[in-house]
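Each chain, letter by letter, is given below.
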Amino acid sequence: MRKTLAAALSAIVLLAGAASAQPAVRAQDQPSNWTIDPNHTAATFNVVHLGLSHVEGHFTKVSGTGYWNGEDYQDARLDVTIDVSSVDTRVERRDADLKSPNFFDVAQYPTMVFKSRRLRKKGNGHVEVLGDLTIHGVTRPVLLDTVLTGPVKDPWGNTRIGAHATTSVNRKDFGLLWNHTLDNGTAVVSDNVDITLDAEIFQPLPK
């Protein structure tokens, strides 16, 4: 469940006319509207199991759009949606449990959503993305540390930007409460969830 999110969870990403000392995206050089490439984007989460091992999972279906029109990011925005049913931890039984009411309750809450409030460049390709993350019907503010790379032209002439965004959340803040305590006091599943979003966003050539 790492802040997935989404999402995420997702991050987020991508947007922006990254401004840094290294080769970076400049708003005056690039179109304003961008789309997340779902085929080259995934949200990853990491939790500790029994206080011993780190268990990693992915949300493989991530979509969204980004917009900016200026290197100061004053009007920048990013919207990301994660299909919770796309969770994959490599263990079918565990995936089913995560989709159940014990955790995400996919039947009632099929998506996670991230909506940015503010982007602020920090230098060296880093952008701070503040926004609202909604998981399990609960919305909380999150801060994503995002590294932007590019732009590049793909073989078909589209402009692309890469983004690597990270954050951590407490799953209980989003109503994901299930747990069990061992005799030594250790929780079966950690409350803290680390989340990573790796994404490509692109601007297709005008038709």
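All values derive from a computational prediction rather than experimental measurement.

Rules used in this analysis
- Residues numbered from 1 in each chain as written.
- Predicted model: local features only at pLDDT ≥ 70, side-chain atom pairs only at ≥ 80, totals over all residues.
- Heavy atoms only, no water.
- Helix = DSSP H or I, 4+ residues; strand = E, 2+ residues; numbered from the N terminus.
- Buried < 20%, exposed > 50% of the residue type's maximum accessible area, 1.4 Å probe, protein only.
- Areas by Shrake-Rupley, 256 points an atom, 1.4 Å probe, with all protein chains shown as cover.
- Salt bridge = Lys/Arg side-chain N within 4 Å of Asp/Glu carboxyl O.

Summing up its helical and strand segments, the chain has one helix and 11 strands in all. When its helices and strands are written in sequence order, the chain yields β-β-β-β-β-β-α-β-β-β-β-β. Expressed as a percentage of its 207 residues, the buried residues of the chain come to 47%. A total of about 10,100 Å² of accessible surface is found on the chain, and carbon and sulfur atoms cover 50% of it.

Turning next to the pattern of salt bridges. What the rule picks out here adds up to eight salt bridges. With a closest N to O distance of 3.9 Å, Asp 79 and Lys 115 form a salt bridge. Residue Asp 79 is located in strand E5 (residues 77-83), and its partner Lys 115 is located in strand E7 (residues 111-123); the two are separated by 36 residues in the primary sequence. In this structure, the salt-bridge partner of Asp 191 is Arg 171, at a minimum N-O distance of 3.8 Å. Of the two residues, Asp 191 sits in the loop between strand E10 (159-170) and strand E11 (192-203) while Arg 171 sits in the loop between E10 and E11, which places them 20 residues apart along the sequence. Residue classification places Arg 171 among the buried residues on the basis of a relative accessible area of 1%. Here the salt bridges share partners, and the residues they tie into one network are Asp 37, Asp 154, Arg 160 and Glu 200.

What is shown is where atoms sit, not what they do.
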